[in-house]
Amino acid sequence: MTKTPPSPWPKRIGKGIGKTVLGLALLLALGCALISAGDHTLPIGPEPAGLATLPAAQPPQGLAFTTLQTSQSKGAAEALIVGGGRWWVHRRPVQVAVLVRHPKGQLLFDTGLGRQVDAQFAVNNLFHRQVFAYERGDHLPVADQLQRQGWPLKGISMIVPSHMHWDHVSGLPDFPDAEVWATPAEREEAGHAHAPAFLHSQFDGVKHWRELRFDGPPVLGFAHSHDVFGDGSVLLLPLGGHTAGQVGMLLSLPSGQRYLFTGDVTWAIEGFHKPADRSWLLRRILPLDHDPAANQAAIVHIHQMMQRHPQITVVPAHDENVLKTLPHFPELRG
Ligand SMILES: [Zn+2]
């Protein structure tokens, strides 16, 4: 028969430690509950005019898209990523580029983290380097992933960043020949802004800017649009709020499937489902949005669009769970 070894702690100390741990756990739970109490779902107003009508599209054969993951954040509790989220679920936002292959040209929507990200990121202070820490893991910059598969980098003729925050345009220097599309409002904001949100080393060297003007009709209740290829297959929509000139992309495939890429209106799809903003605590600590009210209006608008058109797949730029449902380069979906 084995004999239990005597505890290294006298009984009274052992009980004391137990009580302290229980007390700390209760305090933590209370803290979480208090923080979450500040988060509310957003009020839903009347449906935007024109939301019910799907835009016409004639997607050509050969049109297809894929995604290229470049890295992943160390992450945080879901309750910080989205108001009303779960404290016990750890979320790890991803940094991704979307590649659209159209017979008239290849387009990147966002670039994820590029080849020079470590040098670009080094200008941040210690606090921001911790908050925005990223891990490459097995993932490569988009340019390297393309080259490995024999895709010429010069084939990427257009880059449309959803917005110019550092985790979306880090790869611009890897594609010096590409035309970079941005709204005047986005260029203006980025030009005057600084780390950690905007890193000048990423976009000051861009040679070919293309001014993005929303010269097309209203689409899905958004005030106007821009039709990239003239066939309705790739429509850019104004989603300003998170930044001054954030852009969404509505992609219509030959299969009839449609995807709306929503940049950073929310970081997780749950933000649109609820609908809810990022947690109020995080919004207090970090100035996350250029125009918080406009961003919240965009959240509600997309929530209403999902109710009306559940067949449209909505893709927040950083949602690691939605990414799992999308094709991964070199697989394409058309
Ligand atoms: Zn982002």
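The coordinates are above.
All values reported here derive from a predicted model rather than from experimental measurement.

**Focus on the overall build of the protein**
Here comes step 1: The helix and strand tally for the protein stands at twelve helices and 14 strands.
Here comes step 2: In terms of its C-alpha atoms, the protein occupies a principal-axis envelope of roughly 80 × 50 × 50 Å.
Here comes step 3: Classification of the 334 residues of the protein by burial places 51% in the buried group.
Here comes step 4: Long-range pairs, those at least 24 residues apart, make up 69% of the contacts in the protein with a sequence separation of at least 6.
Here comes step 5: Element-wise, carbon and sulfur atoms account for 59% of the exposed surface of the protein, whose accessible area totals about 15,900 Å².
Here comes step 6: Between the centroid of the 28 positive side chains of the protein and the centroid of its 28 negative side chains there is a distance of 12 Å.

**Examining the sheet that holds strand β11 (residues 234-238)**
Here comes step 1: Strand order in the open sheet made by the five strands is β10-β11-β12-β13-β14, with mixed pairing throughout. The sheet is open, and its two edges are formed by β10 (226-227) and β14 (312-315), each paired on a single side.
Here comes step 2: Those strands touched by helix α11 (residues 292-308) are β13 (258-261) and β14, and its axis lies near 150° from that of β14.

**A closer look at the sheet that holds strand β7 (residues 156-160)**
Where strands meet in a sheet, backbone hydrogen bonds hold them as pairs that are either parallel or antiparallel.
Here comes step 1: Spatially, seven strands are ordered β6-β1-β4-β5-β7-β8-β9 in an open sheet, and the strand pairing comes out mixed. Each having just a single partner strand, β6 (134-135) and β9 (209-211) make up the two edges of the open sheet.
Here comes step 2: With five bridges connecting them, strand β4 (residues 94-102) and strand β5 (residues 105-109) associate as antiparallel partners. From the neighbouring strand, Leu 99 faces β5, where its bridge partner is Leu 108.

**Side note on the pattern of salt bridges**
Here comes step 1: The tally for this structure, following the rule as stated, stands at 13 salt bridges.
Here comes step 2: The shortest N-O distance in the salt bridge between Arg 92 and Glu 135 comes to 3.0 Å. With Arg 92 in the loop between β3 (90-91) and β4 and Glu 135 in strand β6, this residue pair connects regions lying 43 residues apart in the sequence.
Here comes step 3: With relative accessibility at 25%, the residue Arg 92 sits in the partly exposed group.
Here comes step 4: Residue class for Glu 135 comes out partly exposed when judged on its relative accessible area of 37%.
Here comes step 5: Between Glu 211 and Arg 213 there is a salt bridge, and its shortest N-O distance comes to 2.4 Å.
Here comes step 6: Residue Arg 213 is classed as exposed on the basis of its relative accessible area, which comes to 51%.
Here comes step 7: Salt bridges linked by common partners bring Glu 78, Arg 86, Arg 91, Glu 270, Asp 319 and Glu 320 together as one network.

**Looking at the coordination of the zinc ion**
Here comes step 1: Here the zinc ion is held by the protein donor atoms Asp 167 (OD), His 168 (NE2), Asp 264 (OD) and His 318 (NE2), which lie 2.1 to 2.4 Å from it.
Here comes step 2: Note that the zinc ion binds four donor atoms; their angles at the metal cover 84 to 162°, and the shape is irregular.
Here comes step 3: Read in sequence order, the donor residues for the zinc ion give the motif D-H-x95-D-x53-H. On the criterion of sequence distance, the pair formed by Asp 167 in helix α6 (residues 166-169) and His 318 in the loop between β14 and α12 (320-324) is long-range, its members being 151 residues apart. For the residue pair Asp 167 and His 318, the accessibility class agrees, reading buried in each case.

Cut-off values and rules
- Residues numbered from 1 in each chain as written.
- Predicted model: local features only at pLDDT ≥ 70, side-chain atom pairs only at ≥ 80, totals over all residues.
- Heavy atoms only, no water.
- Helix = DSSP H or I, 4+ residues; strand = E, 2+ residues; numbered from the N terminus.
- Buried < 20%, exposed > 50% of the residue type's maximum accessible area, 1.4 Å probe, protein only.
- Contact = heavy atoms within 4.5 Å.
- Areas by Shrake-Rupley, 256 points an atom, 1.4 Å probe, with all protein chains shown as cover.
- Lys, Arg positive; Asp, Glu negative; His and termini not counted.
- Charge placed at Lys NZ, Arg CZ, Asp CG, Glu CD.
- Pairing = 2+ DSSP bridges.
- Axes fitted to C-alpha atoms, helices over the stretch in contact; angles between N-to-C directions.
- Salt bridge = Lys/Arg side-chain N within 4 Å of Asp/Glu carboxyl O.
- Donors = N, O, S within 2.8 Å, 3.2 Å for Na, K, Ca; no water.
- Tetrahedral: all angles 85-135°; square planar, octahedral: opposite > 155°, others 65-115°.

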